[in-house]
Amino acid sequence: MRAVETLTPPRTAARRGSARPGAPLAVFRRPAILGILNVTPDSFSDGGRFLEVASAVAHARAMVAEGADVIDVGGESTRPGAAPVAAAQELSRVLPVIERIRGLAPISIDTTKASVAAAALRAGATIVNDVSGAMVDPAMLRVVAEHGAGIILMHRRGTPRTMDRSARYRDVTAEVKRFLGLRIAAALAAGISRGAIAIDPGIGFAKTSRHNLTLLAHVSELATLGVPVVVGVSRKRFLGGLLGPSARARAEGTVAASLLAVAGGARGVRVHDVAPMARALRVAQAIWAAEDG
Ligand code: HH2
């Protein structure tokens, strides 16, 4: 019985007020796949693969063909230890790509800088994915409000250089939830509508493996904040800890963890490997549809 209960996220989350059609986060009305497009030399798993505009564009097209609902474009790595990148450099990486892929699918810009977000939104992105929860740049929430864009507010502590030292919590779910609740309030106060806000527990950002697993087990608790929950587990270190070093094993673990997050109420999964994720979601959705009769 319990398994059936936990496999009913679409209806449960729909009751909690999903975004209106046409709103920047309307894509999260159903569980959506964010395909990762890192235009960086140093991202932890695909750094350097898509630095050329042509290869980035080809990869975006391939991900959309495989079932990506959003292309998440990033020009600065956030892996533990990553060096910060200046705004001009970040822009020179992401803008030519956004200009070439706009219209293909909704685009989110993975940045913590308001100037990068503003330029990306002008170029065709409609969502800002801010791994700092809009804590780094005081202008970020204003920029998002002015553009009528959507925002994904992620939890983390410290910076990529310091975050591994900050993985100390008494109750990780409660502390992450409290932070995200405060950031939703800040976004609302800045004039962003509730339908344009999503949250993300920040798997792997100042979290031990245990913290990551606990957060994934309690996605339903985060969903009670009343906005879509996005989860990004793709190829992350804790999966290597569970499954060993093989890249294929991490990819398989990504699908399992992402699908369980959706079963717990997540509305977005951010992944590198779109095709297996899309297939897994199709099977899950067929099961949920059968349950609905
Ligand atoms: N994880 C990464 C980057 N951006 N955004 C959201 N919303 N959630 C995440 O979990 C998340 C994110 C880190 O992964 P990746 O992009 O693969 O690596 P890098 O930061 O090294 O480019």
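Anyway, here's the lowdown on the structure attached to this text. (Residues numbered from 1 in each chain as written. Predicted model: local features only at pLDDT ≥ 70, side-chain atom pairs only at ≥ 80, totals over all residues. Heavy atoms only, no water.)

A few points about the environment of I107
Thinking step 1. Counting through the fold element by element, I107 comes out in strand β3 (residues 107-110).
Thinking step 2. On the basis of relative accessible area, I107 is assigned to the buried category, the value being 1%.
Thinking step 3. Taking C-alpha positions, I107 is 7.1 Å from V73, a pair spaced 34 residues apart along the chain.
Thinking step 4. Residues contacting I107, with those up to four places away along its chain left out, are V70, I71, V73, I98, I101, R102, G124, A125, T126 and I127. (Helix = DSSP H or I, 4+ residues; strand = E, 2+ residues; numbered from the N terminus. Buried < 20%, exposed > 50% of the residue type's maximum accessible area, 1.4 Å probe, protein only. Contact = heavy atoms within 4.5 Å.)

Considerations on the site of the ligand
Thinking step 1. Within the structure, the ligand sits among 16 residues, and S43, S77, T78, D200 and K236 are positioned closest to it.
Thinking step 2. At 3.2 Å from an oxygen atom of the ligand is found a side-chain nitrogen or oxygen belonging to N38.
Thinking step 3. At 3.0 Å, a side-chain N or O of H272 approaches an oxygen atom of the ligand.
Thinking step 4. Isolated, the ligand exposes 480 Å² of accessible area, and the fraction of that covered by the protein chains is 98%.
Thinking step 5. Of the residues assigned to the shell around the ligand, the class counts are four nonpolar, seven polar and five charged. (Near = heavy atom within 4 Å. Polar contact = N/O pair within 3.5 Å; in protein donor to acceptor, adjacent residues only side chain to side chain. Areas by Shrake-Rupley, 256 points an atom, 1.4 Å probe, with all protein chains shown as cover. Nonpolar A, V, L, I, M, F, W, Y, C, P; charged D, E, K, R; others polar.)

Quick look at helix α4 (residues 87-101)
Thinking step 1. When the terminal C-alpha atoms of α4 are compared, their 21 Å separation across 15 residues agrees well with the 21 Å that a helix rising 1.5 Å per residue should span.
Thinking step 2. When the local axis directions of α4 are compared, the greatest deviation, roughly 30°, occurs at V94, which is followed within four positions by the proline P96.
Thinking step 3. Listing the buried residues of α4 in full gives E90, L91, R93, V94, V97, I98 and I101.
Thinking step 4. Lining the buried residues of α4 we find β1 (32-38), α3 (53-66), β2 (70-74), β3 and α5 (114-123).
Thinking step 5. Following α4 by one or two positions, G103 has its phi on the positive side, about 95°. (Expected span 1.5 Å × (residues − 1). Bend = angle between axes of the 7 residues up to and from the residue.)

Quick word on the packing of α4 against α5
Thinking step 1. The geometry of α4 relative to α5 is characterised by a closest axis approach of 10 Å and an angle of 15° between their N-to-C directions. Put simply, α4 runs roughly parallel to α5. Handedness of the crossing formed by α4 with α5: right-handed. Taking contact as the criterion, the partners of A87, E90, L91, V94, L95, I98 and E99 in α4 are, on α5, S115, V116, A119, A120 and A123.
Thinking step 2. Of the residues that constitute the contact of α4 with α5, the class distribution is nine nonpolar, one polar and two charged. (Axes fitted to C-alpha atoms, helices over the stretch in contact; angles between N-to-C directions. Parallel < 35°, antiparallel > 145°, perpendicular 65-115°, else oblique. Left-handed = near helix turned anticlockwise from the far one by under 90°.)

Focus on the pairing of β3
Thinking step 1. Where burial is concerned, the two faces of β3 agree: the one with I107 and I109 and the one with S108 and D110 are both buried.
Thinking step 2. Bridge count for β2 against β3 is four bridges, and the pairing is parallel. In the strand pairing of β3, V73 is matched with I109.
Thinking step 3. Where the polypeptide runs from β2 across α4 and back to β3, its parallel neighbour, the crossover connection is right-handed.
Thinking step 4. Sheet topology places β3 next to strand β4 (residues 127-130); three bridges connect them, and they run parallel. (Pairing = 2+ DSSP bridges. Right-handed = clockwise from strand over helix to strand, strands pointing away.)

What about the pattern of salt bridges?
Thinking step 1. By the definition in use, this model includes 10 salt bridges.
Thinking step 2. One salt bridge connects R157 with E175, and the closest N-O pair in it is separated by 3.0 Å. Taken as a pair, R157 in the loop between β5 (150-154) and α7 (172-189) and E175 in helix α7 lie far apart in primary sequence, 18 residues in all.
Thinking step 3. Judged by relative accessible area, which is 25%, R157 ranks as partly exposed.
Thinking step 4. We classify E175 as partly exposed; its relative accessible area is 27%.
Thinking step 5. K177 is the partner of E221 in a salt bridge, and the nearest nitrogen-oxygen pair spans 2.8 Å. Taken together, the residues E221 in helix α9 (residues 219-223) and K177 in helix α7 connect sequence positions 44 residues apart.
Thinking step 6. E221 gets classed as partly exposed once you look at its relative accessible area, which sits at 33%. (Salt bridge = Lys/Arg side-chain N within 4 Å of Asp/Glu carboxyl O.)

Thoughts on the environment of T162
Thinking step 1. Structurally, T162 is set in the loop between β5 and α7.
Thinking step 2. Judged by relative accessible area, T162 falls into the partly exposed class, the value being 26%.
Thinking step 3. Separated by 82 residues in the primary sequence, T162 and P80 have C-alpha atoms spaced 7.7 Å apart.

A word on the side chain of D46
Thinking step 1. Within the fold, D46 resides in the loop between β1 and α3.
Thinking step 2. Look at D46: it is buried, it has no salt bridge, and the nearest opposite charge is R235 at 5.2 Å.
Thinking step 3. Excluding residues within four positions of it along the chain, D46 makes contact with I36, N38, R235 and H272. (Lys, Arg positive; Asp, Glu negative; His and termini not counted.)

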